[in-house]
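# Close look at the chain arrangement
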Amino acid sequence: MKADVQAIGSAQKTTKKRQGHSAQNRFNTKWGLIFLSPWIFGFFVFTLIPIIATLVFSFTNYSPVTPESTVFVGLKNYSDMIADKNVANSFMVTIKYAILALPLSLVFGLLLATIVNSKYLMGKNFFRTIYYMPAMIPVIAAGIIMAGIMNTNTGFINMGLESVGIPGPDWLNSTFWIYPALVLIGLWGLGNLMVTLLAGMQGVAKELYESAEIDGANGYQQYLYITLPLISPVIFYNLTMMIIGAFKYFDLAYVLKNGTGGPAGATNFYNLYLYKNAFQYNLMGFGSAMAWVLFIIVLALTIILFTTSGRWVFYSGGKQ
Amino acid sequence: MATANKTRPSMGVHRRDQLNKILVTGFGLFIVLMFVAPLLYMFVTGLKSYDQMNDSEVPAIWPFSRTTFDYQGTPLDLYKLPTANGTKEMAMLKPGRTESVFIDPQNPVAGPITWQGNWRLLAPIYHSDPQWKNFIQAWNELNFPLLLRNTLIIALTGTLGAVVSGIIVAYGFARFNFRGRDFLFIVLIGTIVLPVQATLIPTYILYSKIHWTNTFLPLIVPNFFANAYNVFLLRMYFMQLPRELDEAAMIDGASPIQILLNVILPQSIPAVTAVCLFHFFFAWNDFFSPLVYLASNSKLWPISVGLQYYNAMHGRLPNLIQTGALITIILPVTIFFLAQRVFMQGIVFTGVEK
């Protein structure tokens, strides 16, 4: 049976090489493009043309209130961006949040994955389900729940801190504590990170641990020199998505502070400020300029991360 | 010999294993506690009245109310009063710093009793009093049936579009090798990192020109043109299906469409289910797009936007906001518990195999 299939396969290969070559190619191209056509159409209509249009709009003063008085203003929106203190602030907010959130999320995600992967953990499925579950809570509801738990009067966090004699901070109204608060909310919903890291850990060959054991490596050394390097591609993928995610940050900042960007601009994330310019102040030309800068940043970050990944990401099958 | 060598140290190892088990599981349970605490907060706060929430003397987090005694038409708070014959439950008529006046609920006709001491040192008496009616109030104020209907329309039609188009495009990438295919696939994957804002403003202007803003269409129609995550997951799944069945069907004269419907799809139920769940939850959670496209038509708001508005409007009633949050998370969390296996497998597929 298997030999038959192989025979068909190799027969096809030889026919492909000879006279059937172009017929087969034409068949594949025709059907491949037919099946890809919904995406190709969608890519042009919903992605490529709008990206270019965003660039064009970014050179105009387009406003949906007065579309008839739209004129080209050159690079004015971009120079306005540089002059606008709020833009610089929104950059700083985004970066401050990312610097705090990325390492903490990664470490906590690794901790969760390590726990549920541990051979010492009893009732693994129970733990996996509970650790993942907050990721299923819609982000607006999660923000509301966590805002409650950080409430200075009735929230559990400050009640717990006060019971051990530490006065709890006003998490959501302090320009300093708002960032740890946002990170804490993020840590609650790390399910996807945990599951992908866990799958990476389970993909590491058992033999590696066995031979390390024979060589006398303890659990900690095995974790550091086998587990972490072998799951570095997963870590890398998640890190990339988290950095990009920081520049797309919107929902939680909006729900916690009702879109005001407070306290004192501390949650005026880049993306939130972009939204406000385009849809609240009707400055769609300026918003387009901000969107294009965002696009360039994300593109640049992605390229930098992928071109440097070879230096610190370990691919077991050699470089990819 | 070898077994003898192994069993000796394993006595100690066994004990250490037991200790490790207790430590790791104990730490795991500690994190479980931290993870469940916010839900507990939501639940108990959602069951409180405004007064219960702000009563700082209440002995536990559960919604308790002060027990009262009706004296001549006015409810009086009951306190534990130390007397010569032990502690008695007494209703306070008039508080005072050095002396307070009480009524004995057992014997109210005896009239007011004066007690020497600061009333603030007395412990009030509480009874459990959860406000189940909060659910009815939050349900009505949110207009939850309408929000649910809108969310289901957006999520279900969007899921249909995302799954059908995802299957078609993934099949094209998985089974037809042609020049430029790999380049197109890289472009597709590249759209994963593309921020939605990069395309938002022109698409918004386009939709408003064709009168699609303040309708569901901008939230539904684009899903019919395939999305990178879904295509990626389905393509991965299709590629690991054996080609022999495809080829056998082709020899029998089946067209590619027939092969997709009759050979590939019946084998791909788990992947298709995962994509359905992913898209359904994505649409259920989505806040940004409905905020942009449905802002001025509250009749079409989905749960996410409705709940955020409720939160913004009722900042002074945090208890009802928690009740509202609880109402909105019941369905997604229940679906998750029922379908978690399929769900987590799907995450592994998209997140690791890159």
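Residues numbered from 1 in each chain as written. Chains lettered and ligands numbered in written order. Predicted model: local features only at pLDDT ≥ 70, side-chain atom pairs only at ≥ 80, totals over all residues.

Time to look at the overall build of chain B. Within chain B, the regular secondary structure consists of 14 helices and eight strands. Over its C-alpha trace chain B gives a radius of gyration of 32 Å, far above what one expects of a compact globule, namely 20 Å for 354 residues. Each principal axis of the C-alpha distribution contributes one length, and for chain B these read about 100 × 85 × 35 Å. The 354 residues of chain B split such that 37% are buried. (Helix = DSSP H or I, 4+ residues; strand = E, 2+ residues; numbered from the N terminus. Rg over C-alpha atoms; globule rule 2.2 N^0.38 Å. Buried ≥ 20, exposed ≤ 12 C-beta atoms within 10 Å, placed from the backbone.)

Once that is clear, we can look at the pairing of strand E3 (residues 74-83) of chain B. On a regular strand, each side chain points to the face opposite its neighbour's, so the side chains alternate between the two faces of the sheet. All names here are of chain B. Pairing analysis gives four bridges linking strand E2 (residues 68-71) to E3, with the strands arranged antiparallel. Counterpart to Tyr71 in the pairing with E3 is Thr74. Taken together, E2 and the strand that follows it, E3, pair antiparallel across an intervening segment of two residues, in which Gln72 is found at a positive phi of about 50°. Inspection of the sheet shows E3 paired to strand E4 (residues 86-94) by six bridges, in the antiparallel sense. The residue of E4 that forms the bridge with Leu78 is Ala91. The hairpin formed by E3 and E4 contains two residues between the paired strands. Where E3 and strand E7 (residues 123-124) come together, two bridges link them in antiparallel fashion. The residue bridging Tyr79 from the neighbouring strand is Pro124, located in E7. (Pairing = 2+ DSSP bridges.)

Residues and elements named next belong to chain B. As assigned here, chain B comprises domain 1 (1-46), domain 2 (68-124) and domain 3 (143-352). Taken together, the four residues of domain 1 in the interface contact six residues of domain 3. A per-class count over the side of domain 1 that touches domain 3 returns two nonpolar, two polar and no charged. (Domains from an automatic or database assignment. Contact = placed C-beta atoms within 7 Å. Nonpolar A, V, L, I, M, F, W, Y, C, P; charged D, E, K, R; others polar.)

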